[in-house]
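Each chain, letter by letter, is given below.
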Amino acid sequence: MKQTDPLGSIQAVPSFAGLDSGCQTAVEHKAVELWRDAGEMVFREGEPASGLYVVKEGWIRAFRTSENGREQVLRFVGPGESFNEIGAYAGGVNRASAQALEDASLWVIDRAALLDLMKSYPGFAEIATSNLAKRVEHLMKMVENLAFHSVTERLIRMLLDHSDGDFLRKRA
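The rules behind each value
Residues numbered from 1 in each chain as written. Predicted model: local features only at pLDDT ≥ 70, side-chain atom pairs only at ≥ 80, totals over all residues. Heavy atoms only, no water. Helix = DSSP H or I, 4+ residues; strand = E, 2+ residues; numbered from the N terminus. Phe/Tyr/Trp six-rings, centres within 6.5 Å; stacked < 30°, edge-to-face > 60°. Buried < 20%, exposed > 50% of the residue type's maximum accessible area, 1.4 Å probe, protein only. Lys NZ or Arg CZ within 6 Å of the ring centre and 35° of its normal. Pairing = 2+ DSSP bridges.

*Asks:* Outline the environment of aspartate 37, listing residues and values.
*Replies:* With respect to the helices and strands, the residue aspartate 37 is situated in the loop between β1 (32-36) and β2 (41-43). Linking aspartate 37 and aspartate 103, residues 66 residues apart in sequence, is a C-alpha distance of 4.3 Å.

Here it is, written out as structure tokens:
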């Protein structure tokens, strides 16, 4: 696995940037670094949740699998983004699976450390709550799209969302 270090430290994670230096240092000390090769599972749905993950380098695919083997991608997670918030904060088991799409370097903060950080540092608790709310909002939009819009409508929306803004003008 390559050893490049684009974020440098967990303190460079955008959602942690507003924390005071004492809290940033505490987060840094509680985070454990791990690596996954491309294609390797980070964790599986139904396994005990080990904590909150933050991508240092690489890309991760978070997904759920139905009983008949059909997969639903929940999101793609890149450098500086966290994932497994629900499993980490709710405890119990992972609510989804995660797989490295390319060689990936990650930090994981276990549930006990997360709860300690939230009790000790109100700023961390505020960021954790905000990130969790964003995840829930993302999932609610996904449910809305799947339930209320046709495949054609979803495809059009995706193309427009990922266009450079000149998409329609170029076709006129």
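*Asks:* Lay out the packing of aromatic side chains in plain terms, naming residues and giving numbers.
*Replies:* Evaluation of the coordinates by the stated rule reveals 4 aromatic pairs. Consider the rings of phenylalanine 43 and tyrosine 53, whose centres lie 5.1 Å apart with planes at 40 degrees: the pair is tilted. Of the two residues, phenylalanine 43 is situated in strand β2 and tyrosine 53 in strand β3 (residues 52-57); the sequence distance between them amounts to 10 residues. Like tyrosine 53, phenylalanine 43 is buried. When the ring centre of phenylalanine 63 is taken as reference, the NZ or CZ atom of arginine 61 above it lies at 3.9 Å.

*Asks:* Just give me the short version of the pairing of strand β4 (residues 60-65), but keep the residues and values in it.
*Replies:* When β4 meets strand β5 (residues 71-77), the two strands line up antiparallel, connected through 6 bridges. By the bridge assignment, isoleucine 60 is partnered in β5 with valine 77. Where β4 meets strand β7 (residues 97-100), 4 bridges bridge the pair, whose relative direction is antiparallel. Paired with phenylalanine 63 across the bridge in β7 is serine 97.

*Asks:* Any chance you could break down the side chain of serine 82 for me, citing the residues and the numbers?
*Replies:* Of note, serine 82 is situated in strand β6 (residues 82-83). With a relative accessible area of 9%, serine 82 lands in the buried category.

Remember, this is a structural readout, not a statement about activity or role.
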